[in-house]
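Survey of secondary and tertiary structure
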Amino acid sequence: MMSEGVVARFLKAATAEMIRNNQKEIRCPCRRCKLTSLMDPKADMVRDHLLVRGFMDGYRWEGDEDDYEFVHGISTRNKEGGEHHVEVPGHDQDVEDQDGGPDDEDQDGGPDDQDGGPDDEDHEDEDDGPSSMDWVQDPYLQELLLKQTSNARDAAREKAKMDQLEVDAVTPLYEGCRPEDTRLKVTLMALQMKVKHKMTDTSFNDNMSFWHERLPKGNTCPTSIEEAKKIVCPLDLPHVKYHVCLNDCIIYRNEHAECTICPECGVSRYKKGKKAPRKVVWYFPITPRLQRYFADPKQAKLMRWHAEMRKGEDDVDDPKKKKKDRMLRHPSDASQWNALNLEYPEFGDDPRNIRLGASTDGVNPFGSQSSTHSTWPVFVWMYNLPPWLCMKRKYIQMSMLIEGPKQPGNDINLYMGLLKEELATLWDAPANTWDAAAEEYFPMRAALLTTVHDFLGYGYVAGQVVHGFNACVRCMDDTTYRQLDRDPGSSKTVFMGHRRWLRDEDPWRKRKDLFDGQDEPRRRPRTRSGEQIDELLKNWKECPPPGKKRKAPDKVWKTRSVFWDLPYWKILRVPHSLDVMHITKNVCESLLGTLLNMPERTKDGPKARYDLLSIGIREELHAGRPNDDDDDDDNDDDEAEDTQSRRKGKKAKKIEYYCPPRASL
């Protein structure tokens, strides 16, 4: 007798094969009954027949060009008359244990691998390919993969795709290959290698055709990128393409969905003489992507790592462990995380609720071919994971792609509104998600903890002024600035109020000869809370909306960020952050280059010495006289040569001034 699961899979595969080959009927393994579809009344008779008697000895699948055995775990005879056993991954315990199934706790990045986590550099490539195809037959995952449709015909098409995915999950690559080398698994591994090694479509097609010709005849290896995409098409994630005004005024959706001309600036939606849009934005919803992490038991456990990492340590009397536990080792230790849990306890009680971070910056996808093109991708990641996995490529997803050729600038909030709407939906109406580790459904909610940018991106996303006299994002209109003199000075705007953050009794507060020539009795400026900023921006009647090309009337704010519409945004102490990379690159290199007197990196030059003179500090380093090493005759010759050069239209030679050497460190 056969199991009901084997028979059900056979009937689904038979129907999928019939639809794929456009057949009107298909034969039963008894060779007498004919099956027209899975909904055929005869299907019950075939099911009963197979449950009692099983497959005929020597039965082969009819209609497949490979003429392979479609028997799940049933011994049949091969072409040579010997016995051939087709093993299905997930039904053979040895195969599952060897490949590392979902319950394998020793995989990289799992909860039992915490001690070696930070030193393990193989987390990103921990899965060279799917080790088991059991997930294809998971009913909860199938429910997640099955796309929602508006009519019965599309629903039947999506169901047929899922049935074909199950067939490909157990179809061997060629007769006699290893049981784990199925058509679906090999295709997924090939596509992963394409992405990892940045292969072009042409290179991928040539590579797959090469292996298809050299594998045994009748193999099921895909030969092109189109065929590979058809195999994995049920695994596709949704995306939405929106048309946008060329001047970033509106997105053509909702009430503007049918417009062909922008109501703000009057620019046409489409290119001249074509139906192609002039500018688009691609949005990739984050909800289905987050739900897929919970569909894998191993990943579902990692999503609760921040709450379970100190399990059993609270009652330990060791003072060293208690001191270590107070250190900031994970974003869950920060005040921002705890403030969100205290303000919304129903959100913090479930550790499966997701804390997100977002970042964006301009890139030039065309390299040196176009030096002015700027495309802005928006990335999202999860802070629930262990610290050595948060920033791995596997757990970073692109939620939006803002096409160029011009950067959106302050109007980037028009596009960020797409992400804000989904975040607001996840906060107010949680998504019902299957937790494979706990084997239960739970309402998944998500909150954006912070955004990470460089200094210019900070100003765009936060809507705050980051240049001029109020460039400090903390001091705002209380920023201490000074405009240096022009030529021969640097004419830069410098901010000399950094001593305000020192302790009141610090002696450097009175060292006016080292800084700006004045004592510093003031205390640090008062930081405005999120509630105060929210109230200020909410009552800002002259706030320029996206698309309005006019100067902001406020000296601190350029526009109101769309993230202020999120109910929890005002309680976050650091809603926007500066990334370490640009600070290290721009600030640290200049500082070290100046201290070490590196010719290409130092900022110590004649202009800097004149700035010291204008401020009135460090007299021993002032520069204001020409180099006295040359003779007067040489100077006269130089002046005559400069005058003659100016008459001929040439640039006059710049006089080099003497700069006293710095004191040795």
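These numbers come from a predicted model, not from an experiment. (Residues numbered from 1 in each chain as written. Predicted model: local features only at pLDDT ≥ 70, side-chain atom pairs only at ≥ 80, totals over all residues. Heavy atoms only, no water.)

1. Describing the pattern of salt bridges
Once the charged atoms of two side chains with opposite charge are near each other, the side chains can pair. According to the stated counting rule, one finds 30 salt bridges in the structure shown. Arg 253 is the partner of Glu 421 in a salt bridge, and the nearest nitrogen-oxygen pair spans 2.6 Å. Here Glu 421, found in helix H15 (residues 412-428), pairs with Arg 253, found in the loop between strand S5 (240-243) and strand S6 (280-283); they are 168 residues apart in sequence, far enough to count as distant. As a salt-bridge pair, Arg 352 and Glu 440 come within 3.2 Å of each other at their nearest N and O atoms. Residue Arg 352 is located in the loop between helix H14 (345-348) and strand S7 (354-360), and its partner Glu 440 is located in strand S11 (residues 440-444); the two are separated by 88 residues in the primary sequence. For Arg 352, a relative accessible area of 10% gives the class buried. Given the relative accessible area of 35%, Glu 440 is considered partly exposed. When salt bridges that share partners are traced, they join Arg 304, Glu 308, Asp 350, Arg 352, Asp 435 and Glu 440 into one network. (Salt bridge = Lys/Arg side-chain N within 4 Å of Asp/Glu carboxyl O. Helix = DSSP H or I, 4+ residues; strand = E, 2+ residues; numbered from the N terminus. Buried < 20%, exposed > 50% of the residue type's maximum accessible area, 1.4 Å probe, protein only.)

2. Quick notes on the nonpolar core
Core analysis: the largest hydrophobic core is formed by 68 residues, its most contacted members being Leu 356 and Tyr 568. Of the residues forming this core, the biggest block, nine residues, is contributed by H15. Each residue touching Leu 356, except ones within four places of it in the same chain, is listed here: Ile 286, Leu 290, Val 380, Trp 381, Met 382, Tyr 383, Leu 423, Ala 446, Ala 447, Leu 448, Leu 449 and Thr 450. Formed by 23 residues, the second largest nonpolar core is a distinct cluster that contains Cys 177, Leu 184, Phe 204 and Ala 228. (Core = buried A, V, L, I, M, F, W, Y, C linked by side-chain atoms within 4.5 Å. Contact = heavy atoms within 4.5 Å.)

3. Things to note about the packing of aromatic side chains
For the structure shown, the criterion picks out 15 aromatic pairs. In textbook terms, an aromatic cluster arises when at least three aromatic residues are bridged by ring pairs, as seen for Tyr 344, Phe 347, Trp 427 and Tyr 568. We note Arg 352 situated over the ring of Phe 442; from NZ or CZ to the ring centre the distance is 4.2 Å. Residue placement shows Arg 445 over the ring face of Trp 427; its charged tip is 4.4 Å from the ring centre. (Phe/Tyr/Trp six-rings, centres within 6.5 Å; stacked < 30°, edge-to-face > 60°. Lys NZ or Arg CZ within 6 Å of the ring centre and 35° of its normal.)

4. As for the pairing of S6
Pairing geometry for S5 and S6, over four bridges, is antiparallel. Paired with Lys 241 across the bridge in S6 is Trp 282. Relative to strand S9 (residues 396-402), S6 is paired through three bridges, and the arrangement is antiparallel. Residue pairing in the sheet places Tyr 283 in a bridge with Met 400 of S9. (Pairing = 2+ DSSP bridges.)

5. Quick notes on the side chain of Glu 166
Here Glu 166 lies in helix H5 (residues 152-170). Within the structure, Glu 166 has its side chain in polar contact with the side chain of Gln 142 (distance 2.8 Å). (Polar contact = N/O pair within 3.5 Å; in protein donor to acceptor, adjacent residues only side chain to side chain.)

6. Things to note about the sheet that holds strand S8 (residues 376-382)
Taking strand neighbours across the sheet as the criterion, the seven strands line up as S5-S6-S9-S8-S7-S12-S15 in an open arrangement whose pairing is mixed. Each of the sheet's edge strands pairs with one partner strand only, and the pair in question is S5 and strand S15 (576-578). With strand direction ignored, the average angle separating the axes of adjacent strands in the sheet is 25°. Bridge count for S7 against S8 is five bridges, and the pairing is antiparallel. Looking across to S8, one finds that Gly 357 is bridged to Trp 381. Across the sheet, helix H13 (residues 335-343) is in contact with S7 and strand S12 (446-453); its angle to S12 comes to roughly 155°. (Axes fitted to C-alpha atoms, helices over the stretch in contact; angles between N-to-C directions.)

7. Some thoughts on helix H6 (residues 183-196)
One turn of an α-helix holds 3.6 residues; hence residues three or four places apart share an orientation. End to end, H6 covers 20 Å across 14 residues, agreeing with the expected 20 Å (1.5 Å per residue, within 8%). Three or more residues of H6 are buried, namely Arg 183, Leu 184, Lys 185, Val 186, Thr 187, Leu 188, Ala 190, Leu 191 and Lys 194. (Expected span 1.5 Å × (residues − 1).)

8. As for H5
For H5, which comprises 19 residues, the first-to-last C-alpha distance of 28 Å matches the rise-based estimate of 27 Å (1.5 Å per residue) to within 8%. You can read the cap of H5 off the contacts: a side-chain oxygen lies 3.3 Å from the backbone nitrogen of Arg 153, and it is on Asn 151.

9. Some remarks on unusual backbone geometry
With an omega of 10°, the peptide bond between Gly 404 and Pro 405 qualifies as cis. Tracing the backbone shows Pro 405 in the loop between S9 and H15. Notably, Lys 198 is not glycine yet its phi reads approximately 55°, a positive angle. By the element assignment, Lys 198 lies in the loop between H6 and helix H7 (201-214). Phi angles above zero are rare outside glycine, and Asn 254 is one such case at about 55°. In this structure, Asn 254 sits in the loop between S5 and S6.

10. Thoughts on the environment of Trp 501
Of note, Trp 501 is situated in the loop between strand S14 (493-494) and helix H17 (530-538). Given the relative accessible area of 38%, Trp 501 is considered partly exposed. Residues Trp 501 and Arg 524, spaced 23 residues apart in sequence, show a C-alpha to C-alpha distance of 5.2 Å. Those residues in contact with Trp 501 that lie beyond four places of it in its chain are Cys 475, Arg 524 and Pro 525.

11. A few points about the confidence of the model for the chain
Within the chain, residue pLDDT values average 77, and 70% of them lie at 70 or more. Low confidence marks residues 57-131, where pLDDT is under 50. Its contacts with residues over four positions away, or in another chain, come to 141 contacts. Across residues 630-634, confidence stays below pLDDT 50; counting only partners more than four residues off in sequence or on other chains, it has one contact. (pLDDT = per-residue confidence, 0-100.)

12. Focus: the packing of H6 against H7
As a packed pair, H6 and H7 sit with axes 11 Å apart at the nearest point and diverge in direction by 140°. With respect to H7, the element H6 is oriented oblique. Between H6 and H7 lies a crossing of right-handed hand. The segment H6 lies against H7, with Ala 190, Leu 191 and Lys 194 engaging Asp 201, Phe 204 and Met 208. Tallied by class, the residues present in the contact of H6 with H7 amount to four nonpolar, no polar and two charged. (Parallel < 35°, antiparallel > 145°, perpendicular 65-115°, else oblique. Left-handed = near helix turned anticlockwise from the far one by under 90°. Nonpolar A, V, L, I, M, F, W, Y, C, P; charged D, E, K, R; others polar.)

13. Here we look at the pairing of S7
The buried fraction of S7 is high, at six of seven residues. The sheet contact formed by S7 and S12 spans six bridges and is parallel. Each residue of the ladder has a partner; that of Arg 355, found in S12, is Ala 447.

14. Overview of the side chain of Arg 304
By the secondary structure assignment, Arg 304 is in the loop between helix H10 (297-302) and helix H11 (305-308). What makes Arg 304 buried here is its relative accessible area of 14%. Separated by 3.2 Å, the side chains of Arg 304 and Glu 308 make a polar contact. Among all residues touching Arg 304, those that are not within four sequence positions of it are Pro 351, Arg 352, Asp 435 and Ala 437.

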